[in-house]
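# Working through the structure, step by step
Now for the letters of each chain:
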Amino acid sequence: MTVLSQVVSLVFGGLVPGFLLGLLAFRVKSRWCPRCGESTLAMPPTERDR
């Protein structure tokens, strides 16, 4: 039982900082305009096949 609790603590100990760093990276590389909410990436026009 002790080994299982150590493994679980190691897994969550790695996941939590990784999750928080992922959130921070998303905020730093924000794809949305803070004023209007539009995307800041230029999207190429899509061609529709009929």
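Structure: above.
Below: a short report on this structure. (Residues numbered from 1 in each chain as written. Predicted model: local features only at pLDDT ≥ 70, side-chain atom pairs only at ≥ 80, totals over all residues. Heavy atoms only, no water.)

What follows deals with the overall build of the chain. In terms of regular secondary structure, the chain is built from 1 helix and 0 strands. Going through the 50 residues of the chain one by one, you find that 2% of them count as buried. A total of about 5300 Å² of accessible surface is found on the chain, and carbon and sulfur atoms cover 66% of it. (Helix = DSSP H or I, 4+ residues; strand = E, 2+ residues; numbered from the N terminus. Buried < 20%, exposed > 50% of the residue type's maximum accessible area, 1.4 Å probe, protein only. Areas by Shrake-Rupley, 256 points an atom, 1.4 Å probe, with all protein chains shown as cover.)

Tracing the backbone through its elements, the reader meets Cys33 in the segment after helix H1 (2–28). With a relative accessible area of 18%, Cys33 lands in the buried category. Not counting residues within four places of it along the chain, the set of residues in contact with Cys33 comprises Glu38 and Thr40. (Contact = heavy atoms within 4.5 Å.)

Together, Val3, Leu4, Val7, Val8, Val11, Phe12, Leu15, Val16, Phe19, Leu20 and Leu23 give the surface a local cluster of nonpolar side chains, amounting to about 1000 Å² of exposed area. Assignment of secondary structure puts Leu20 in helix H1. (Patch = residues over 30% accessible without salt bridge, like charges linked within 9 Å, V, L, I, M, F, W, Y side chains within 5 Å. Salt bridge = Lys/Arg side-chain N within 4 Å of Asp/Glu carboxyl O.)

Any functional reading would require information that these geometric values do not contain.
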